[in-house]
Structures are given as C-alpha cells and as structure tokens.
Amino acid sequence: MLTHYLQNAIKDIDSLIEQTEKDIVAIKAAQHGDVAERSKIKEDLIHSFETKKSLLDNELSKMLKESGKKSLEELLNATQKELLAQMKTKLTELKVCNKQYAKYVVSISQFYNVLLDNIFPREMDGYKTANHKPASLLKIEA
C-alpha cells in the first residue's frame, strides 16, 4: 500500500510541475486567463497530494508501531526507498519551478501597481498608503 501511495503522490507532483511550467509559458505570452483557469486544477492537485501525503504518514507510523524497535530504513524495501528519494527530488524540482513562477508573478504585479499609481496617484499618510485618488485628467466636474 505504501508503494501505491508513493507512486500516486509522485504523479501529483509531476502534474503540478507540468501545470506550473504551463503557467510560466502563459505568463511570458501574457495569457493571464490561462493561468487563472489552471489555478483550480492546481488547487485540486495540491489537495490530492496533501491527502496522499497524509495517507503516507499514517502508513509509515503504522509500520513503525507494528515493528517495535526497527528503524524506518530497515522496514522499507528497495523500491520504497527509491520512490521516497524520487519524491524528494520531485518536490525539490517543484520548489525551483514555483520560485521561477513567483518571480514572474511578482514582476507583473509590480508592473501593474506602478501603472495604476501613474494613472491614479495615491497619497501617502506616513507609512500607510491611502486609496487612489482620481487623476486630474479623469476628474468629472458637474
């Protein structure tokens, strides 16, 4: 059962990596609608992975309790050890991919915030930022 959970968790991680790489390509092409559509898919994958990870944790705890004083290293077979190593590698790959994605998201967010501030300047109240006030070009007078 442990092997099954590990294989499925790795599949979820692979799918998350694939979706994040698609998001990076879409952001570069300014296809932000595609990114928004994929966010639900990614949320479902994250939830699925968390469920499988919880099942993994429970299975490992159960194995340790039943074995008595044996270490986890002694309880796992070669395939399970390999799958755990592969899962760790995939998680590291996902982390790198997410960092790259975050850089693009932050850059675009800053661009839009600067653009918004140029069109609708904000007044600063100490360290607090007040709401945008209408730019003089956009004021409507009655």
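Note on numbering: residues in each chain are counted from 1, in written sequence order. Predicted model: local features are reported for residues with pLDDT of at least 70 only, side-chain atom pairs are reported and counted for 80 or more only, and whole-chain, interface and lining totals are derived from all residues. Note: side-chain values were computed over all heavy atoms of the structure, leaving out hydrogens and water.

We now examine a nonpolar patch on the surface. Taken together, F111, Y112, L115 and I119 make up a surface patch of nonpolar side chains, about 390 Å² in accessible area. Tracing the sequence through the fold places F111 in helix α4 (residues 78-119). Nonpolar side chains (Val, Leu, Ile, Met, Phe, Trp, Tyr) are joined into patches within 5 Å and like charges within 9 Å, using only residues with over 30% relative accessible area and no salt bridge. All accessible areas in this document rest on Shrake-Rupley with a 1.4 Å probe, and a residue is counted as covered only by the protein chains that are shown. Take a side-chain nitrogen of Lys or Arg and a carboxyl oxygen of Asp or Glu: if they are within 4 Å of each other, that pair is a salt bridge. Helix numbers and strand numbers start at the N terminus; a helix is a DSSP run of H or I with at least 4 residues, a strand a run of E with at least 2.

pLDDT is defined as a per-residue confidence score from the predictor, taking values between 0 and 100. Across the protein chain, pLDDT averages 87, with 86% of residues at or above 70. Mean pLDDT across the secondary structure elements of the protein chain bottoms out at strand β2 (residues 128-132), with 61, and peaks at helix α1 (residues 2-28), with 95.

Another aspect to go through is the environment of L84. Tracing the sequence through the fold places L84 in helix α4. The rule is simple: take the accessible area with a 1.4 Å probe, protein chains only, and divide by the maximum for that residue type; under 20% is buried, over 50% is exposed, in between is partly exposed. Look at L84 and you get partly exposed, because its relative accessible area is 28%. Sequence separation between L84 and A9 is 75 residues, and the spatial gap between their C-alpha atoms is 10.0 Å. In this description, contact between two residues means that some pair of their heavy atoms is separated by no more than 4.5 Å. If we skip the residues at most four places from it in the chain, L84 touches L6 and L76.

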